[in-house]
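Here are the chains, one letter per residue:
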Amino acid sequence: MTYAYVVRGYNDGVIGVFTNKKKAIACGVNYTKSGQGEHEKDADIEVDSRDWVTFIGNHSNGADVEKFHINCEY
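The model shown is predicted, which means the values in this text are computed figures rather than measured ones.

Details of the pattern of salt bridges
Under the defined criterion, the tally for this structure stands at two salt bridges. Measuring nitrogen to oxygen at the nearest pair gives 2.9 Å for the salt bridge that ties Arg8 to Glu66. Here the residue Arg8 occupies a position in strand E1 (residues 2-9), and Glu66 occupies one in strand E5 (residues 62-70), the gap between them amounting to 58 residues. A residue is classified by how much of its surface remains accessible, and Arg8, at 29% relative accessible area, is partly exposed. Between Asp48 and Arg50 there is a salt bridge, and its shortest N-O distance comes to 2.8 Å. On the basis of relative accessibility, which here comes to 48%, the residue Arg50 falls in the partly exposed class.

Shown next as structure tokens:
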């Protein structure tokens, strides 16, 4: 089974599509860091990984990574 990982920024919509979960999460973390204020730059970014969706950051500034099957009929 092949998967695609779609990264969505909470403020900007789709910001990337990847075939590798690790790269997708890195993209989401970079997006979240770029939206942080100066006082938040050193704060840890929370990554909550579930089976089909990974949440990065918080409600106001963050991203999610959603996993999709590709080359698959339903």
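Points about the packing of aromatic side chains
Each pair of aromatic rings is reported with the distance of its centres and the angle of its planes. With the rule as written, the count across this model stands at one aromatic pair. Summarising the aromatic geometry, the rings of Tyr3 and Trp52 are spaced 6.0 Å apart at their centres and angled 70° between planes, so their arrangement reads as edge-to-face. Of the two residues, Tyr3 sits in strand E1 while Trp52 sits in the loop between strand E3 (47-49) and strand E4 (53-57), which places them 49 residues apart along the sequence. Owing to a relative accessible area of 24%, Tyr3 belongs among the partly exposed residues under this scheme. Taking the ring centre of Tyr3 as reference, the NZ or CZ of Lys67 above it sits at 4.2 Å. For Lys67, the ring lying beneath its charged end belongs to Trp52, and the centroid distance is 4.9 Å.

How each quantity is defined
- Just so you know, the residues in each chain are numbered from 1, in the order the chain's sequence is written.
- Per-residue local features of the predicted model are confined to residues with pLDDT of at least 70, and side-chain atom pairs are confined, for both listing and counting, to 80 or more; whole-chain, interface and lining totals are unaffected and use all residues.
- The side-chain values count all of the structure's non-hydrogen atoms but skip hydrogen atoms and water molecules.
- Think of a salt bridge as a Lys or Arg side-chain nitrogen and an Asp or Glu carboxyl oxygen that are within 4 Å of each other.
- Put simply, DSSP H or I for four residues or longer makes a helix, DSSP E for two residues or longer makes a strand, and each gets a number counted from the N terminus.
- Relative accessibility decides the category of a residue: with a 1.4 Å probe and only protein chains considered, values under 20% of the type maximum give buried, values over 50% give exposed, and everything between is partly exposed.
- Under the pairing criterion, centres of Phe, Tyr and Trp rings, with the six-membered ring standing for Trp, must be within 6.5 Å; the plane angle then separates stacked pairs below 30 degrees from edge-to-face pairs above 60, leaving the rest tilted.
- Here, a charge over a ring is recorded when the distance from Lys NZ or Arg CZ to the ring centre is within 6 Å and its angle to the ring normal is within 35 degrees.

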